[in-house]
Amino acid sequence: MTVTANLEKQQAVELYSKMLLIRRFEEESERLYRRGMIRGFLHTYIGEEAIAVGAVPLLRDDDYVISHYRDHGHALARGMDPKSAMAELCGKSTGCSGGKGGSMHLFDVEKHFMGGHAIVGGQLPLAVGMALGIKQQELDSVVMCFFGDGAVNEGEFHEAMNLASLWKLPVIFMLENNLYGMGTGVNRSRAGGANIYGAADPYLIPAVQIDGMDIMAVIETVKEGIQKVREKDHGPVFIECMAYRFHGHSMADPSNYRETEEVKEQMVRDPIDRFRTLCMEANILSQEEISELDEQVDAIVQEAREFAENSPEPNESDLYSHIYASPEVN
Ligand SMILES: Cc1ncc(C[n+]2csc(CCOP(=O)(O)OP(=O)(O)O)c2C)c(N)n1
Ligand SMILES: [Mg+2]
């Protein structure tokens, strides 16, 4: 049986369109950054799209997703409106966080997309807290938590793994191992090297490592993981998705710590190219259909850009809303 044997045309259309939407959305956001329309930080997910698109759509509406600052892919895969995401990147009031969060703080409570967190590893204890809430309410929702290889060296990672396992909480830990944390290779920052999934062993959490740039592998593994975690008292699972980010850590990164050869070699694994080839070779999608989908995605992204450009900045009066403390204004 081939990997495409169970792939329906409609599913192929959805997976391809979603991955391409994320890619084109981020390419457009890079252009907007260069034009000064987007300021602050901008971390793209280019090269890693198969992880979010393979995993997130397998969840139910009452499940939760939480992510790190490289969050555009997870938010769009969860169904966030690209217009509201682009407006947020541009700091506009129509953005999902009112234009006050920016690229690293996308948020959509209705869709149970709980951010966008800039502190490396900061989302891990939050995911565990959310899962504890689910368990205490005796619900069967699950929490899918995305984080990078850099987060594994944080104390919070170990605290989160410990409590999630001890209390048998419904968390799917989705490690996106792209081999770098900013400019530092994982072999230079982690005792134990690049194969991280063994870090789940001391906490008795079942763990696997997969090719995170192969969307079919992501779907197969995550589907099984969700099923297990949803069982009462099963506890968490840990999925290490091996990937590579094609661009720098952020727009401010000239990326001169990686050899051009290495990047070129990794680009052969491009998840979108591989999936397109797979669908065409298995006669699931034709060249014409692919071209049509490409055009549709381009139109969505252009609409998002126009919406963001034409949206107003937040009002001065918004300065003091959605913050913890009420400032004393004299
Ligand atoms: C607690 C904390 N320490 C340091 C930083 C600075 N910082 C931002 S991103 C990053 C690298 C994280 O890499 P990784 O978790 O592998 O995610 P990736 O960027 O590769 O997706 C660091 C060190 C931070 N934001 N938070
Ligand atoms: Mg990394």
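Residues numbered from 1 in each chain as written. Chains lettered and ligands numbered in written order. Predicted model: local features only at pLDDT ≥ 70, side-chain atom pairs only at ≥ 80, totals over all residues.

Caption draft 1: Summary view of the overall build of the protein chain. The secondary structure content of the protein chain amounts to 11 helices and seven strands. Scaling as 2.2 N^0.38, a compact globule of 330 residues should have a C-alpha radius of gyration of about 20 Å, and the protein chain matches this with 20 Å. Over its C-alpha atoms, taken along the principal directions, the protein chain stretches across nearly 55 × 55 × 40 Å. In the protein chain, buried positions account for 45% of the 330 residues. Taking the contacts inside the protein chain whose residues are at least 6 apart along the sequence as the reference set, 75% of them involve residues at least 24 apart. (Helix = DSSP H or I, 4+ residues; strand = E, 2+ residues; numbered from the N terminus. Rg over C-alpha atoms; globule rule 2.2 N^0.38 Å. Buried ≥ 20, exposed ≤ 12 C-beta atoms within 10 Å, placed from the backbone. Contact = placed C-beta atoms within 7 Å.)

Caption draft 2: Main features of the packing of helix α1 (residues 9–34) against helix α11 (residues 287–310). Contact geometry of α1 with α11 gives a least axis separation of 9 Å together with a crossing angle of 40 degrees. Between α1 and α11, the angle is such that the two are oblique. When the axes of α1 and α11 are compared, the crossing they make is right-handed. Residues Val 13, Tyr 16, Ser 17, Leu 20, Leu 21, Arg 24, Phe 25, Glu 28 and Leu 32 of α1 form the contact with α11, whose own contacting residues are Leu 293, Asp 294, Gln 296, Val 297, Asp 298, Ile 300, Val 301, Ala 304 and Arg 305. A per-class count over the contact of α1 with α11 returns 11 nonpolar, two polar and five charged. (Axes fitted to C-alpha atoms, helices over the stretch in contact; angles between N-to-C directions. Parallel < 35°, antiparallel > 145°, perpendicular 65-115°, else oblique. Left-handed = near helix turned anticlockwise from the far one by under 90°. Nonpolar A, V, L, I, M, F, W, Y, C, P; charged D, E, K, R; others polar.)

Caption draft 3: Focus on the environment of Leu 132. Inspection of the secondary structure assignment puts Leu 132 in helix α5 (residues 123–136). Between the alpha carbons of Leu 132 and Ala 164 there is a distance of 8.3 Å; along the sequence they are 32 residues apart. The residues touching Leu 132, leaving out its near neighbours within four places in the chain, are Trp 167 and Leu 169.

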